[in-house]
Structure formats: structure tokens, C-alpha cells
Amino acid sequence: MSNQSAALSQVHIMPQTGGGVRALRAQRVRVTCLQGKQVGDLFAFVPGSRDEYLSPGYTLRSLGRLYPEVGKPLYSAHRRPLLMIEEDTVGVHDLLMPACDNNLYEQMGAKNHPSCRDNLNATLQDFEVDIEGNPDPVNLFQNTPVVNLDGRWEIRESVAKPGDYIQFKALEDLLVIVAACSMDLSDLNGGACTDLMLEVFE
Ligand SMILES: [Zn+2]
């Protein structure tokens, strides 16, 4: 790790919940996969704007590739870079999938199941932030690769090991929210939902 100093803020995100931190421009935001194999749905919001937030669609459009990489930023729906990826001990993430939600779990036979969509909305309420639209996540540590040139993709177990992390430099003042993905009905999170750490450093 390049940054050994104490965190300015630290949120321990328990399994199947969400949490957020405020980060100022040039501060570092780190998401750590504490037990391994746990996907984190990453969202970021520009304070004072109701519709400028992190966009995986605009990110892959700007990157010219389907997957994020170190040294390249994640973009907003206004086509501005918000978060620069500085360090990444995993290298396998997803820009294609929407957040899990009530409809998905009901279709899978699980009513009243926690979801990343609900956890995002609850965390936005905690911060009293009101937005327009339905943001899609950057799915940290998620292993859902395109496996065939015809476009087929697969759900695979996350390859993140205990203590693996990804660290960003904030390129704007941001509210960063992470949901520890609630999916326990597929291999996505290794079959069991665990916790994540969300931290801000100078
Ligand atoms: Zn989820």
C-alpha cells in the first residue's frame, strides 16, 4: 500500500448494507474486500448537482474498453472524470451490470430481500441527497466477463482475495457510496455475503 497514514474517515460496510463517505478533490478513496470474493457496488455523486454522478456507460465509452484499469479515470454522465484509479490489487471489475434490486430478487423467488438499489437509496437518504434518475454502479471486484465474441457473458465468482483493494484519487469533491452486494443466490459473491471497508485518505 502506498498510503499508510490514518484514514480521515472510515465506514465498515456490513454484509448486504451500504455506506458513504464525503471526499474532497485530491483525497484518496479506498475500498477493501475484507474477506475476499465480495462485490462492492460503487456510486459517486457531485455535490450540488441532481444529475451528475458516476456512469459506467460513459466510462466505458470514454475508455474505449469494457473494463476499468489503473491510470484511467471513471467518468460522470456529464463526461467528466470523477475518480482516477491509482491502485488495484484485483484488476477484475465490471462496468456492464445494473445494481441488484427488488425485481431481480422477486424473479428469483426471494421476496423482501436486501438489494444494492435499496441500500443506495437508503444511504442517499442518510446524507439527505436528492438525485434524478437511477444511477448504475461500477461493480468493484465483480467477475462477469464477456466470454464469447457473440457477446455472451457469465456470472463467475469474484477473484478478490482477503485484503484486496482498489484505490482512487478524487478528481472532484464527491459523495462516494458503496453497497456490499446483497446477492447470495448466485456465485457472484462466492455464495455468501461479507463486509467491505470504505476509507478516505489525504
Ligand atoms: Zn447487488
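Predicted, not measured: the structure shown is a model, and the values here were computed from it.

Looking now at the overall build of the protein. When helices and strands are counted, the protein shows three helices and ten strands. Along the protein, from the amino end to the carboxyl end, the secondary structure elements read β-β-β-β-α-β-β-α-α-β-β-β-β. Scaling as 2.2 N^0.38, a compact globule of 202 residues should have a C-alpha radius of gyration of about 17 Å, and the protein matches this with 16 Å. Oriented by its inertia axes, the alpha-carbon framework of the protein measures out at about 40 × 35 × 30 Å. When contacts within the protein are restricted to residue pairs at least 6 apart in sequence, long-range pairs at least 24 apart make up 77% of them. For the protein, the accessible area works out to roughly 9300 Å², and carbon and sulfur atoms hold 48% of it. Each charge class in the protein was averaged separately, 17 positive and 27 negative side chains, and the resulting centres sit 6 Å apart.

Before going further, it helps to examine the coordination of the zinc ion. Taken together, C100 (SG), C116 (SG) and C181 (SG) make up the full set of protein donors to the zinc ion, lying 2.2 to 2.3 Å away. In terms of primary sequence, the donors binding the zinc ion are separated according to C-x15-C-x64-C. A residue pair is termed long-range when its members are at least 10 positions apart, and C100 in the loop between β6 (81–88) and α2 (102–107) and C116 in helix α3 (residues 116–126) qualify at 16 residues. We note that C100, like C116, is buried.

Strand pairing in a sheet relies on backbone hydrogen bonds. The paired strands run either parallel or antiparallel. Taken in spatial order, the six strands line up as β1-β10-β3-β8-β6-β5 in an open sheet, and their pairing is antiparallel. Lying at the two open borders of the sheet, with one neighbouring strand each, are β1 (9–13) and β5 (73–75). Recorded for the sheet is a direction-independent mean angle of 20° between the axes of neighbouring strands.

Let us look at the layout of surface pockets. Put simply, the largest pocket is a space of about 340 Å³. If you go around the largest pocket, you meet 18 residues; those closest to its centre are M97, P98, C100, L104 and M183. Split by residue class, the lining of the largest pocket holds eleven nonpolar, five polar and two charged.

Glancing now at the sheet that holds strand β4 (residues 40–45). Spatially, four strands are ordered β2-β9-β4-β7 in an open sheet, and the strand pairing comes out antiparallel. One side of each edge strand has no neighbouring strand; the edge strands of this open sheet are β2 (18–23) and β7 (138–140). Neighbour to neighbour, the strand axes of the sheet diverge by 25° on average, direction disregarded. Note: β4 against strand β9 (residues 174–180), six bridges, orientation antiparallel. What sits directly across from A44, in β9, is V176. Those strands touched by α3 are β2, β4 and β9, and its axis lies near 145° from that of β9.

Cut-offs applied
- Residues numbered from 1 in each chain as written.
- Predicted model: local features only at pLDDT ≥ 70, side-chain atom pairs only at ≥ 80, totals over all residues.
- Heavy atoms only, no water.
- Helix = DSSP H or I, 4+ residues; strand = E, 2+ residues; numbered from the N terminus.
- Rg over C-alpha atoms; globule rule 2.2 N^0.38 Å.
- Contact = heavy atoms within 4.5 Å.
- Areas by Shrake-Rupley, 256 points an atom, 1.4 Å probe, with all protein chains shown as cover.
- Lys, Arg positive; Asp, Glu negative; His and termini not counted.
- Charge placed at Lys NZ, Arg CZ, Asp CG, Glu CD.
- Donors = N, O, S within 2.8 Å, 3.2 Å for Na, K, Ca; no water.
- Buried < 20%, exposed > 50% of the residue type's maximum accessible area, 1.4 Å probe, protein only.
- Pairing = 2+ DSSP bridges.
- Axes fitted to C-alpha atoms, helices over the stretch in contact; angles between N-to-C directions.
- 1 Å grid on protein atoms, 1.4 Å probe; cavity = no way out; pocket = protein on both sides within 12 Å on 5 of 7 lines; lining within 4 Å.
- Points joined across faces, edges and corners; volume = space filled by probe spheres on them.
- Nonpolar A, V, L, I, M, F, W, Y, C, P; charged D, E, K, R; others polar.

The values reported here are purely geometric and, on their own, carry no functional implication.
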